[in-house]
Amino acid sequence: MEAGKTIKIGFLGMGTVAQGVWEHLSKNPNVLGAKVELSKVCVRDTKKKRDVSIPPEKLTTNPRDVTSDPSIDIVCELMGGTTRAFDLSMEALRAGKVVVSANKAAICERGDLLFEEAKKMGSALFFEASVAGGVPVVKILREGLVANRFPLIYGILNGTCNYILTRMERENASYESILADARRLGYVEADESLDIDGWDSAHKIAVLAYLAHGVWIKPGEQMPVMGIREVKLEDMLWAKDFDYRIKLVASVRKNPRTNSIFASVYPALVPLDDVIANVNGVYNAVSIDGDVVGRTVHIGRGAGRDATASAVIADIADAIKFLKGGVCVRRENKKLKLAKASEVTSAFYVRLGVKDRAGVLAKVAECFAKHGISIERLKQLARSDGLSSKAWLILTTHETSEQNMSDVCSDLKKLSVVAERPFVLRIFKTPKI
């Protein structure tokens, strides 16, 4: 790039985050260390009222006015969705432009194709804002901790679920009542299953797994994903009694012995002496174990206009450095494999809805023994839903494999004394650093 050249930036989408980026860059264009021009914006409706003032001549409804304009250097894809966003990002990369994206779903689903195209065209894709909003975890993995290998990355990657779980515990309130409040406050996505069922967190941990290990993991197909819908007050009370707190934990572990990784998203019992257990409300947190640096923990707001806009602007700054001759480093490891369920172990918490009658404990214990699973603690609780003919049976296990636990749950569902599908939480334990 020639010295003194003005960097022209185009936008695909002008929603909440994009308006935040436009506003902050308009106020302080020199923050990026180069002369920049906010050149063109593609929107659905040029007449729509927005929080920021955009000159009418810069607005268009044709995305190719952005992706194909030879004068535009950087394209910010902030439109959301996966199909159209992916196609337009590919078009921009094929035109030799650098792409900045906050679209974790598109990157997770087809990021390998985007990176391949960027490499082929001598361009780059930057995506800091796709994970953890204002927490610069992508840059930390890609640059700050580049000398490290990562046996464990875990944390809270969805502020909505963290807000709900925090209030359930603090107020002894049900999941349904807090979810209703979260909807009123606008914390829940239009498609709330993205938040509540764990898919938002899964997309984000898949991106972090790629950055750390150079392998793409597909949520659902290659990664177990479970949300918080079934967490009850009984689980919260048990956790409190035994010095745990329930969090929706996204993690990726590497097993050097088998040269394999395992990524997952599930509500877990996290010990209170773990920093992650004490991150509450809408905040996100990521704990990274590096073989050189040890453990680092990064906490901040994971969503919202300004937090995400800050991450997008950081990506634009990196894009400018790339255009000035910088290098975009990616890890690749084609020999690394995905761990099997029989190779992944944990201790487990199990809540069973059982018939309140004699012989229940014996039948349940026999089922666990059949699969070689040792029970550590066992407690029977009266139900808070008024079903006097049934009881909650709550137990924890010693460490066993994911496969063993899946098998025992299948058998428990067949028992006549078990009235409901078993609810399982992992007990999250981290290695000492």
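Within each chain, residue numbers correspond to sequence positions counted from 1 in written order. Where totals are concerned, whole chains, interfaces and linings use all residues; where local detail is concerned, this predicted model gives features only for residues with pLDDT of at least 70, and gives and counts side-chain atom pairs only at 80 or more. Just so you know, side-chain values use all the structure's heavy atoms and leave hydrogens and water out.

Side note on the state of the cysteines
Disulfides are covalent bonds that connect the sulfur atoms of two cysteines.
Link 1 in the chain: Put simply, a disulfide is two cysteine sulfurs that come within 2.5 Å. One pass over the structure, following the stated rule, counts 0 disulfides.
Link 2 in the chain: Left without a disulfide partner, Cys108 is nearest to the cysteine sulfur of Cys161, which lies 16 Å away.

With respect to the sheet that holds strand β1 (residues 7–12)
Link 1 in the chain: The strand order β3-β2-β1-β4-β5-β6 describes an open sheet built from 6 strands, whose pairing is parallel. A single partner strand is all that each edge strand has here, and the edge strands are β3 (59–60) and β6 (125–126).
Link 2 in the chain: DSSP-based pairing: two strands are paired if at least 2 bridges between them are found. Strands are runs of DSSP state E lasting at least 2 residues, helices are runs of H or I lasting at least 4, and numbering of each runs from the N terminus. With 6 bridges connecting them, β1 and strand β2 (residues 36–42) associate as parallel partners. Each residue of the ladder has a partner; that of Phe11, found in β2, is Val41.
Link 3 in the chain: Two residues form a contact once any of their heavy atoms are found within 4.5 Å. Every axis corresponds to a line fitted to the C-alpha atoms, with the helix fit spanning only the stretch in contact, and the corresponding angles, defined between N-to-C directions, vary from 0 to 180 degrees. Packing against the sheet, helix α11 (residues 305–323) makes contact with β1, β2, β4 (74–77), β5 (98–101) and β6, and its axis sits at approximately 165 degrees to β5.

Observations concerning the side chain of Lys97
Link 1 in the chain: Relative to the helices and strands, Lys97 resides in the loop between α3 (83–94) and β5.
Link 2 in the chain: As a buried residue without a salt bridge, Lys97 has its nearest oppositely charged side chain in Asp69, at a separation of 5.8 Å.
Link 3 in the chain: Under this definition, polar contacts are N or O atom pairs within 3.5 Å; protein pairs additionally need one hydrogen-donor-capable and one acceptor-capable atom, and for neighbouring residues in sequence, both atoms have to be side-chain atoms. A polar atom in the side chain of Lys97 sits 2.5 Å from the backbone oxygen of Asp69.
Link 4 in the chain: Once residues lying within four places of it in the same chain are set aside, the contact partners of Lys97 are Val66, Thr67, Ser68, Asp69, Pro70, Ile72, Asp73, Val75, Ala92, Ser123 and Ala124. Each residue is placed in one exposure class: buried if its accessible area under a 1.4 Å probe, protein chains only, is under 20% of its type's maximum, exposed if it is over 50%, and partly exposed if it falls in between. Positive charges come from Lys and Arg, negative ones from Asp and Glu, while His and the chain ends are left out of the count. Every case where a carboxyl oxygen of Asp or Glu lies within 4 Å of a side-chain nitrogen of Lys or Arg is listed as a salt bridge.

Things to note about helix α1 (residues 16–27)
Link 1 in the chain: Here α1 is 12 residues long and its end C-alpha atoms lie 17 Å apart, about the 16 Å a rise of 1.5 Å per residue gives.
Link 2 in the chain: Taken together, the buried positions of α1 are occupied by Ala18, Gln19, Gly20, Val21, Trp22 and Leu25.
Link 3 in the chain: Along its buried surface, α1 packs onto β1, β2 and α11. Expected span, for any helix, means 1.5 Å times one less than how many residues it has.

Some points on the side chain of Lys204
Link 1 in the chain: The topology assignment puts Lys204 in helix α9 (residues 199–213).
Link 2 in the chain: Taking the relative accessible area as the measure of exposure, Lys204 reaches 6% and is therefore buried.
Link 3 in the chain: Within polar-contact distance, the side chain of Lys204 engages the backbone oxygen of Leu157 at 2.7 Å.
Link 4 in the chain: A distance of 2.8 Å separates a polar atom in the side chain of Lys204 from a polar atom in the side chain of Asp200.

As for the environment of Asn103
Link 1 in the chain: Among the secondary structure elements, Asn103 is positioned in the loop between β5 and α4 (104–121).
Link 2 in the chain: Once the C-alpha coordinates of Asn103 and Leu78 are considered, the two residues, 25 residues apart in sequence, prove to be 6.9 Å apart.
Link 3 in the chain: When residues no more than four places from it in sequence are discounted, the contact partners of Asn103 are Glu77, Gly80, Gly81, Ala85 and Ser130.
Link 4 in the chain: A polar atom in the side chain of Asn103 sits 3.4 Å from the side chain of Glu77.

Digging into the packing of α1 against α11
Link 1 in the chain: Running from N to C, α1 and α11 point in directions that differ by 65 degrees, and their axes come no closer than 8 Å. Where α1 crosses over α11, the two elements pack in a sense that is right-handed. Contacts from Thr16, Val17, Gln19, Gly20, Val21, Glu23, His24 and Leu25 of α1 reach α11 at Arg305, Asp306, Thr308, Ala309, Val312, Ile313 and Ile316.
Link 2 in the chain: Its residues assigned to classes, the contact of α1 with α11 comprises 7 nonpolar, 5 polar and 3 charged. Crossing handedness follows the turn of the near helix against the far one: under a right angle anticlockwise gives a left-handed crossing, and clockwise gives a right-handed one. Residues are grouped as follows: Ala, Val, Leu, Ile, Met, Phe, Trp, Tyr, Cys and Pro are nonpolar; Asp, Glu, Lys and Arg are charged; all remaining types, including Gly, are polar.

With respect to the packing of aromatic side chains
Link 1 in the chain: When the centres of two rings from Phe, Tyr and Trp lie within 6.5 Å, Trp using its six-membered ring, the rings pair. Their planes under 30 degrees apart give stacked, over 60 give edge-to-face, and anything left gives tilted. According to the stated counting rule, one finds 10 aromatic pairs in the structure shown.
Link 2 in the chain: Ring geometry for Tyr154 against Phe428: centres 4.8 Å apart, planes inclined by 40 degrees, an arrangement best described as tilted. On the criterion of sequence distance, the pair formed by Tyr154 in strand β7 (residues 152–156) and Phe428 in the segment after β17 (423–427) is long-range, its members being 274 residues apart. With respect to class, Tyr154 is no different from Phe428; both count as buried.
Link 3 in the chain: Here Trp238 and Tyr244 contribute two aromatic rings whose centre-to-centre distance is 6.1 Å and whose plane-to-plane angle is 15 degrees, an arrangement assigned as stacked. Comparing Trp238 with Tyr244 shows no difference in burial state: the two are buried.
Link 4 in the chain: The rule is short: NZ of Lys or CZ of Arg within 6 Å of the ring centre and within 35 degrees of the ring normal puts a charge over the ring. Note that Arg110 overlies the ring of Phe86, its terminal NZ or CZ placed 3.7 Å from the centroid.
Link 5 in the chain: Of note, Arg253 hangs over the ring of Phe428, and the distance from its end group to the ring centre comes to 5.0 Å.

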